[in-house]
Amino acid sequence: MFSLSCDDVNDLEVSSDTILETRMYDKEYIKDATLNEQINYRIFHLSQLVNELNATAMDFDQMFSGNNGKDKRFNKLFFSDLLYSNALDNKGKDVNEDTEFSLNAFTGLSEQDLLPYIEKIKNGDTSDPLFLVSSYDIENDKENVIGLKLDSEGKLKMVSSHVEEEDVFGDLKGKVTDRNAVYKVDSDGCGNYHKNASCGSSGSIGDVTTSGSVAIRKIQIRDKKDSWLSNAQIRFQKVTAGDFNPSNYYTHCGINNAWCNLDGEWLAQYSSREVKKGRVVNVNKHLGRKSGDFVLYALYEYDNWPAPKKTFERNINGADVYVEYRSYQTPYDHNVFTTYSGNRYGVRSRTSYTLDNRSIKYNFN
């Protein structure tokens, strides 16, 4: 079940006088808190921003453009742009202390600065809108979507802990979403290229294939682990080295650097519909040279914070080598191989590989 009840959201509301006394406003605590607490923290601050936007009485619905519907999404509007906008005559850029914290609640907690935004996904009655937030069901190890509505006091209350896609876009009448405008509330960073987003540092870990190299060629995702509300981001994290030695080895990130770029290399993006249709993506991303490389990698579905960091590690010739990635679930695949001839340091030698199972089909050569 969903980990934070509607009453919990309201119970956690505090005034600016008690900011330092509550864990919902303590980033240092949240950084090392349990996953359940981190999920609650995320939902709390996204809800606070919706509450604040509602309190302004701004007609933000008019700011969206595009065609509504299942396949044609509206523009995203960042809460910072809305709450600091001229629509509120907020030329002094002033918001209260609690709102300021919520606007920056996710900055510094992950490799990206995650900026809260609202996105309209369905037209309808704007006097009784439904707000959707992607979450994670810890007990069932599954990403889910919760639904919230504003109560008589203008505060968000949860109306469903599991909203399905058919509840929003299906043909059934009498559903809670039948006549309502529907909005997605989330946080995102580098993918939007927003002017205020701070994206991860360090070098690229994958290039377009060049001659004489091993590369991932094609990917087909069959098991979309993300909720229906979000597109799955398929990423790839690797370490490449000419040789490993406990005291001296090099990778794509430099000498004696066993990993870099926790964001991973973006490979493809899949919607639920594309998974059902069996979409195949031509990737052609460089892995290593056809002779003289070790490659240790993870292929996974990337999830924003608070998804936990995970590690795939191997000891090769006395050197502890690992890749670190952020995801709720296990990776689609993780492996290590060498393009050296022979089985060096117990690492399998190969320049081609295919994995074909219920979750994924991909190959490199």
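What counts and what doesn't
- Along each chain, residue indices are assigned from 1 in the same order as the chain's sequence is written.
- At least 70 in pLDDT is required for a residue's local features to be given in this predicted model, at least 80 for side-chain atom pairs to be given and counted, and no such filter applies to totals for whole chains, interfaces and linings, which use all residues.
- Neither water nor hydrogens contribute to the side-chain values; these are computed over all heavy atoms in the structure.
- By this definition, two strands are paired if DSSP reports at least two bridges between them.
- Runs of H or I in DSSP of at least four residues are treated as helices and runs of E of at least two as strands, each being numbered from the N terminus.
- In this description, a line fitted to the C-alpha atoms serves as the axis of each element, helices being fitted only across the stretch in contact, and the angle between N-to-C directions of two axes falls anywhere from 0 to 180 degrees.
- Expected span of a helix: the number of residues minus one, times 1.5 Å.
- Buried, partly exposed and exposed residues are distinguished by accessible area as a fraction of the type maximum, computed with a 1.4 Å probe on protein chains only: under 20%, between the cut-offs, and over 50%, respectively.
- Side-chain atoms within 4.5 Å link the members of a nonpolar core, which is a set of buried Ala, Val, Leu, Ile, Met, Phe, Trp, Tyr and Cys residues.
- Contacts were defined at the residue level, with two residues in contact if any of their heavy atoms lie within 4.5 Å.
- Here pLDDT means the predictor's own confidence in every residue, given as a number from 0 to 100.
- What counts as a ring pair is set by centres within 6.5 Å for rings of Phe, Tyr and Trp (its six-membered ring), and what kind of pair is set by the plane angle: stacked under 30 degrees, edge-to-face over 60, tilted for all other angles.
- We define a polar contact as two N or O atoms separated by no more than 3.5 Å, with the added condition that, inside protein, one atom must be a possible hydrogen donor and the other a possible acceptor, whereas residues neighbouring each other in sequence contribute only through side-chain atom pairs.

*Asks:* Can you explain the sheet that holds strand E8 (residues 232–241)? Please cite residues and give values.
*Replies:* Strand order across the open sheet formed by 4 strands is E11-E8-E13-E16, with antiparallel pairing between neighbours. Looking at strand neighbours, the two that pair on one side only are strand E11 (265–270) and strand E16 (333–338), the edges of this open sheet. Pairwise comparison of adjacent strand axes, ignoring direction, gives a mean angle of 15° for this sheet. Direction of pairing for E8 relative to strand E13 (residues 294–302): antiparallel, over a ladder of 9 bridges.

*Asks:* How would you summarise the sheet that holds strand E7 (residues 213–221) if you had to cite specific residues and measurements?
*Replies:* Strand order in the open sheet made by the 4 strands is E12-E7-E18-E17, with antiparallel pairing throughout. What marks the edges here is a single partner per strand, and that holds for strand E12 (281–289) and strand E17 (353–356). Across the sheet, the axes of successive neighbouring strands diverge by a mean angle of 15°, strand direction being ignored. Note: E17 against strand E18 (residues 360–364), 4 bridges, orientation antiparallel. Across the sheet, the residue bridging to Leu355 is Tyr362, located in E18.

*Asks:* Tell me about helix H3 (residues 35–55), and please be specific about residues and values.
*Replies:* Each α-helix turn comprises 3.6 residues. Residues three or four places apart therefore point the same way. For H3, spanning 21 residues, the distance from its first C-alpha to its last is 30 Å, which sits close to the expected 30 Å at 1.5 Å a residue. Summarising burial for H3: 15 of the 21 residues are buried, a large majority.

*Asks:* Give me the lowdown on the nonpolar core, citing residues and values where you can.
*Replies:* Judged by nonpolar contacts, the single largest core of 39 residues is most densely connected at Tyr41, Phe60, Phe79, Ile118 and Val185. Only H3, helix H4 (79–83), helix H5 (97–103), strand E3 (125–137), strand E4 (142–150) and strand E6 (180–188) provide two or more residues apiece to this core. The dominant element in this core, judged by the number of residues it contributes, is H3, at 8 residues. Apart from residues no more than four positions distant in its own chain, Val185 is found in contact with Leu46, Val50, Phe79, Tyr117, Ile118, Phe131, Leu132 and Val133. Among the nonpolar cores identified, the runner-up in size contains 24 residues, and Tyr270, Leu287, Tyr297 and Leu355 belong to it.

*Asks:* Can you break down the confidence of the model for the protein residue by residue, with the values?
*Replies:* Chain-level pLDDT for the protein is 78 on average; 75% of the residues reach the 70-or-more range. Low pLDDT (under 50) marks residues 67–74, which in the prediction has 22 contacts with non-local residues, meaning those over four places away or in another chain. For residues 191–207, every residue scores under 50 in pLDDT, and the model assigns this stretch 39 contacts once sequence neighbours within four places are set aside.

*Asks:* Describe the environment of Glu265, and please don't skip the residues or the numbers.
*Replies:* On the secondary structure map, Glu265 appears in strand E11. For Glu265, a relative accessible area of 11% corresponds to the buried category. It is 5.0 Å that separates the C-alpha atoms of Glu265 and Phe236, two residues lying 29 residues apart in sequence.

*Asks:* A description of the packing of aromatic side chains should follow, citing residues and the corresponding values.
*Replies:* Per the stated rule, a full pass over the model turns up 18 aromatic pairs. Relative to Phe364, the ring of Tyr297 lies with its centre 6.3 Å away and its plane at 85°, an arrangement referred to as edge-to-face. Placement of the pair is Tyr297 in strand E13 and Phe364 in strand E18, with a sequence separation of 67 residues. Exposure remark for Tyr297: the relative accessible area of 1% places this residue in the buried category. A centroid spacing of 5.9 Å and a plane angle of 70° characterise the contact between Tyr353 and Tyr362, whose relative ring orientation is edge-to-face.

*Asks:* Mind laying out the pairing of E13, listing which residues take part and the relevant values?
*Replies:* The two faces of a sheet get side chains in turn, since along a regular strand they alternate between them. Within E13, 9 of the 9 residues are buried, leaving the element largely enclosed by the surrounding structure. Looking at chain direction, E13 and E16 are connected through 6 bridges and run antiparallel. Bridged to Val295 within E16 is Phe337.

*Asks:* Give a detailed account of the side chain of Ser134, specifying residues and quantitative values.
*Replies:* Relative to the helices and strands, Ser134 is located in strand E3. For Ser134, a relative accessible area of 9% gives the class buried. Within the local environment of Ser134, its side chain forms a polar contact with the side chain of Ser230, the two groups lying 3.3 Å apart. Setting aside chain neighbours within four positions, we find Ser134 in contact with Arg42, Asn144, Val145, Ser227, Leu229 and Ser230.

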